[in-house]
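Working through the structure, step by step
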Amino acid sequence: MQSVPFAKGHGTGNDFVVLPDPDATLDLTASRVRALCDRHGGLGADGVLRVVRTASLGRPEQAEWFMDYRNADGSLAEMCGNGVRLFARYLVDTGLAEAGDIVVATRAGVRPVRVPEAGEITVDMGPAMVTGKSSATVEGQAFEGVIVDLGNPHLACVTDYPLSWLDLTVPPGHDPAAFPHGVNVEFVTVTGAGTATMRVHERGVGETRSCGTGTVAAVVAVLRSAGDQTGGCSVDTPGGRLRVDVEEHTTMLTGPAVIVARGEIDPGWWQGAESDLSRTGLSNRA
């Protein structure tokens with residue numbers, strides 16, 4: 001077997017392994033994803049972005065490229081706002097797409113992306129659907145939140161509770177009836193006019209330094225708490241600042257995306273990832 005090419009990058013600290021697989025020939029199992037994302041025995045990441053031509057998958061979207069996103073635990077995910085920016089940056093940097101306006105297919109549908117030659121990238125994230133309210137619990141304390149659907153499920157909790165006090169080393173408690181497939185939980189505090197700060201626990205990953213869809217959900221919750229349906233907000237995450245603009249019919253997410261390195265995965269490691277994982281019990285948590 002030949003070595004497997006990869007790239008490593010991040011969007012505001014939310015990091016990913018990028019696997020170019022235009023013809024959909026890689027056997028990307030859940031075990032291999034977990035091994036790749038392991039921060040001690042693998043490359044280390046919050047998730048894997050596989051770059052596949054939609055034609056190779058027989059998908060109907062009006063986009064040449066499909067972002068096959070996997071969480072660090074190997075599960076499939078519908079959408080990732082930081083991931084799609086990095087995915088688009090990779091397409092442009094490698095000549096698979098031209099700078100400017102491109103579209104990327106995801107499991108949540110097609111996402112238009114504006115990619116300059118350099119600088120921050122803007123993604124049209126589609127409408128944010130608010131479907132109700134629920135609560136999350138951390139160490140027995142309840143936080144009321146808004147349920148937001150961005151192609152993946154979110155519970156965004158606006159709170160004055162000091163975010164640094166939250167223990168997010170374990171998943172926050174949630175109502176399984178409201179979220180039968182798990183949920184991304186955001187805790188957000190308003191810090192000024194048009195600014196907020198956020199921490200997030202991602203489904204299938206754990207706490208991450210940033211979350212694109214989570215930031216959009218957080219801003220929707222902030223606006224709703226002020227009685228507004230539309231508006232803009234800059235959000236500081238542990239990994240950096242993102243900008244969200246909520247419009248009448250869609251939402252826009254703007255932020256950086258950085259390719260850090262490119263290389264090749266050793267073919268022996270790739271072949272042995274399944275048995276190595278079962279033998280050593282690799283974990284994503286550093």
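Each remark here, short or long, concerns the structure printed above.
Per-chain numbering applies: the sequence of each chain, read as written, is numbered from 1 onward. Local features in this predicted model are restricted to residues of pLDDT 70 or higher, and side-chain atom pairs are both shown and tallied only at a pLDDT of 80 or more, whereas totals for entire chains, interfaces and linings draw on every residue. By convention in this description, side-chain values take in all heavy atoms of the structure and omit both hydrogens and water.

Points about the side chain of D68
- Helical segments are the DSSP runs of H or I of at least four residues, strand segments are the runs of E of at least two, and each set is numbered from the N terminus. For D68, the location among the structural elements is in strand β4 (residues 65-71).
- Dropping the residues within four chain positions of it, D68 is found in contact with V48, L49, R50, V52, L76 and R107. Whether two residues are in contact is decided by their heavy atoms, any of which lying within 4.5 Å being enough.

Topic: the nonpolar core
- Throughout this description, the term nonpolar core refers to a set of buried Ala, Val, Leu, Ile, Met, Phe, Trp, Tyr and Cys residues connected via side-chain atoms within 4.5 Å. In this scheme, a residue with accessible area under 20% of its type's maximum is buried, one over 50% is exposed, and one in between is partly exposed, where area comes from a 1.4 Å probe on protein chains only. By size, the foremost hydrophobic cluster in this structure holds 52 residues, and its most contacted members are L49, M67, F87, L91 and V113.
- With eight residues, helix α4 (residues 212-225) is the largest single contributor of residues to this core.
- Aside from chain neighbours lying at most four places away, what touches L49 is F16, V17, V18, L19, M67, D68, Y69, G83, L86 and F87.

Thoughts on the pattern of salt bridges
- Any carboxyl oxygen of Asp or Glu that lies within 4 Å of a side-chain nitrogen of Lys or Arg is treated as forming a salt bridge with it. According to the stated counting rule, one finds 15 salt bridges in the structure shown.
- Residue D27 is joined to R32 by a salt bridge in which the shortest nitrogen-to-oxygen separation is 3.5 Å.
- Given a relative accessible area of 6%, R32 falls into the buried group.
- The partner of R89 in a salt bridge is D93, and the shortest N-O contact between them spans 3.4 Å. A residue pair is termed a helical-turn pair when its members lie 3 or 4 positions apart in one helix, as R89 and D93 do in helix α3 (residues 81-93) at four residues.
- A relative accessible area of 5% places R89 in the buried class.
- A cluster of three or more residues bridged by salt bridges with shared partners is formed by D21, R50, D68, R70 and R107.

Observations concerning the side chain of N71
- Tracing the chain through its elements places N71 in strand β4.
- Setting aside anything within four residues of it in sequence, one finds N71 in contact with V33, D46, G47, L76, A77, R203, G204 and V205.

Description of helix α1 (residues 30-37)
- α1 sits mainly inside the fold: six of its eight residues count as buried.
- Those residues of α1 not exposed but buried are S31, R32, V33, A35, L36 and C37.

Description of the environment of T12
- Following the sequence through the fold, T12 ends up in the loop between β1 (4-11) and β2 (14-20).
- Given the relative accessible area of 4%, T12 is considered buried.
- For T12 and V258, which are 246 residues apart along the polypeptide, the C-alpha to C-alpha distance reads 8.6 Å.
- Setting aside anything within four residues of it in sequence, one finds T12 in contact with N82, R85, R209, S210, T237, G239, G240, R241, L242 and P256.
- Counted as a polar contact is a pair of N or O atoms within 3.5 Å, where, for protein atoms, one must be capable of donating a hydrogen and the other of accepting one, and residues adjacent in sequence contribute only when both atoms are in side chains. Reaching out from T12, the side chain makes a polar contact with the side chain of S210 at a distance of 2.7 Å.

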